[in-house]
Amino acid sequence: MDLRRLGITAVALGLLAGTAGGATAQDVDGPTDYQSWRTKEVEPGVLRILDDRAGHDLSQKWPRNRGGLNLVAVGPEGDVWISATVVGGERNRSNDRRLWPLGRERTYGPADGLGRFHGSLAFDDEGRLWVFGDRIATLADGEWSSSRGRNSVETPDGSVWIASGGLGLEQWDGTELIPHLDGVWTGSVFLGPDGMVGVDAWDGTHLFDGVDWRLVSSRQSGYALSDDGVLAVRGNGDGGMRLYGDDRTAAVLDGTRVNSIADAPDGSIWIVGSVGRNRGAVYRIDPDEVFAAQETAAGADEMEPAEDATST
């Protein structure tokens, strides 16, 4: 397989090497057109997505909706991707993950090279989608590739990279061992896009371009920071989410269990979670609308009541 199309490693340490790839993605470009979907405003500035008009009915409870909504990621063009658990197989005992690009009919799973478990989703700064799990799959230029991890790999230039599941990793250049990522807890090592060396680490995925290391994913789905400087943080349990921005704070979706949060290029926040009766839920949040509604309500509360008219 061409190294430029080789996907990256699995999260688990010490998995056996193996690759799969070449499945071409279709209908996945462009921003998510949520305005044409069936939605419901559950709070000012908070839309619940009920149906994306592409076969992903997000409004039904278990067992008709046979999917738990676990992860969300938003691409640089605003396309929204969701990882869902799908129950199937004999007696519905098979719990596989599938990837849904909202608003598009196609879904993706093991046949496309994705793993049966997804730990996190992330877009890197070049617009590639990474799916981390028992396999790690990469979507780039409309094509999926995936790989399992190894304790060591050999690069095209003949150097050998070794990750021992401890701090840092080492590169054998043909003569000596050179340490890298000192102080970083690392797992599997792999060959990433363009033949770069990558390593799974506690804080995300690091890629080495021959000179510098860069972190492509923090793998943190418990918060998101928008380009507008709004921080979204999920609460504990069914505590919903809090928004922080420019000396303003707001709480939304109290009673909702938030599983994953992602920021979008237009400044909105997308979350997946669950509400009562095992219902999966997808929400789009507009922080400006949330803060504006809160300020309007606060202003109304501060208005002095009119004096009672009295007669003598």
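Residues numbered from 1 in each chain as written. Predicted model: local features only at pLDDT ≥ 70, side-chain atom pairs only at ≥ 80, totals over all residues. Heavy atoms only, no water.

Enquirer: Residue-level account of the sheet that holds strand β19 (residues 231-234), with values.
Expert: If you trace the four strands from one edge of the open sheet to the other, you get β18-β19-β20-β21, paired in antiparallel fashion. Looking at the sheet topology across the chains shown, the edges are occupied by β18 (223-225) and β21 (248-252). Within the sheet, the average angular offset between the axes of one strand and its neighbour, ignoring direction, is 15 degrees. The sheet contact formed by β19 and strand β20 (residues 241-245) spans four bridges and is antiparallel. Within the sheet, the bridge partner assigned to V233 lies in β20 and is R242. (Pairing = 2+ DSSP bridges. Helix = DSSP H or I, 4+ residues; strand = E, 2+ residues; numbered from the N terminus. Axes fitted to C-alpha atoms, helices over the stretch in contact; angles between N-to-C directions.)

Enquirer: Now, about the side chain of H206: what can you tell me, with residues and values included?
Expert: Note that H206 resides in strand β16 (residues 204-208). Assessed through its relative accessible area of 8%, H206 is described here as buried. Within polar-contact distance, the side chain of H206 engages the side chain of D203 at 2.9 Å. Among all residues touching H206, those that are not within four sequence positions of it are L181, V184, F190, V197, G198, V199, A201, W213, R214 and L215. (Buried < 20%, exposed > 50% of the residue type's maximum accessible area, 1.4 Å probe, protein only. Polar contact = N/O pair within 3.5 Å; in protein donor to acceptor, adjacent residues only side chain to side chain. Contact = heavy atoms within 4.5 Å.)

Enquirer: So what's going on with the packing of aromatic side chains? Which residues, and what values?
Expert: Using the criterion set out here, one finds nine aromatic pairs in the structure. Geometrically, the ring pair formed by W161 and W213 is edge-to-face, given 6.0 Å between the ring centres and 80 degrees between the ring planes. On the criterion of sequence distance, the pair formed by W161 in strand β12 (residues 160-162) and W213 in strand β17 (residues 213-217) is long-range, its members being 52 residues apart. The partly exposed category is assigned to W213, whose relative accessible area is 22%. (Phe/Tyr/Trp six-rings, centres within 6.5 Å; stacked < 30°, edge-to-face > 60°.)

Enquirer: Run through the environment of D125, naming residues and quoting values.
Expert: When you line up the elements, D125 lands in the loop between β7 (118-123) and β8 (129-133). D125 sits 49 residues away from P76 along the chain, and the two C-alpha atoms are 8.5 Å apart. In terms of polar contacts, D125 uses its side chain to reach the side chain of R214, at 3.0 Å.

Enquirer: Account for the sheet that holds strand β3 (residues 46-51), naming residues and giving values.
Expert: Across the sheet, which stays open at both edges, the five strands sit in the order β2-β3-β24-β23-β22 with antiparallel pairing between neighbours. The outermost strands of the open sheet, each flanked by one partner alone, are β2 (38-43) and β22 (257-263). Going across the sheet, the axis of each strand differs from the next one's by a mean of 30 degrees, ignoring polarity. Relative to strand β23 (residues 269-275), β22 runs antiparallel, the two sharing six bridges.

Enquirer: Tell me about the confidence of the model for the protein chain, residues and numbers included.
Expert: Overall, the prediction assigns the protein chain a mean pLDDT of 79, with 78% of residues at 70 or greater. Predicted confidence for residues 1-27 stays below pLDDT 50, and this span has 106 contacts to residues more than four positions away or in other chains. (pLDDT = per-residue confidence, 0-100.)

Enquirer: Tell me what's going on with the environment of G229, and back it up with residues and numbers.
Expert: With respect to the helices and strands, the residue G229 is situated in the loop between β18 and β19. A sequence separation of 17 residues divides G229 from D246, and the C-alpha atoms of the two residues are 7.8 Å apart.

Enquirer: Provide a residue-level description of the pattern of salt bridges, including the pertinent values.
Expert: Once their charged atoms are close, side chains differing in charge can pair, the charge on each being opposite to the other. For the structure shown, the criterion picks out eight salt bridges. Of the charged contacts in the structure, one is a salt bridge between D124 and R128, with a shortest N-O distance of 2.7 Å. Taken individually, D124 and R128 each receive the classification buried, so the pair is uniform in this respect. A salt bridge links R214 to E126; its shortest N-O distance comes to 3.6 Å. Separated by 88 residues along the polypeptide, R214 in strand β17 and E126 in the loop between β7 and β8 bring together distant segments of the chain. For R214, a relative accessible area of 24% puts it in the partly exposed group. Among the residues examined, E126 registers a relative accessible area of 51% and is labelled exposed. Here the residues in one salt-bridge network are D124, D125, E126, R128 and R214, joined through shared partners. (Salt bridge = Lys/Arg side-chain N within 4 Å of Asp/Glu carboxyl O.)

Enquirer: Describe the environment of S274, listing the residues and the values that go with them.
Expert: Tracing the chain through its elements places S274 in strand β23. Residue classification places S274 among the partly exposed residues on the basis of a relative accessible area of 23%. When the C-alpha positions of S274 and T256 are compared, they lie 6.0 Å apart, and in sequence the two are 18 residues distant.

Enquirer: Describe the side chain of S159, naming the residues involved and giving the relevant values.
Expert: Here S159 is to be found in the loop between β11 (152-154) and β12. A polar atom in the side chain of S159 sits 2.7 Å from the side chain of T155.

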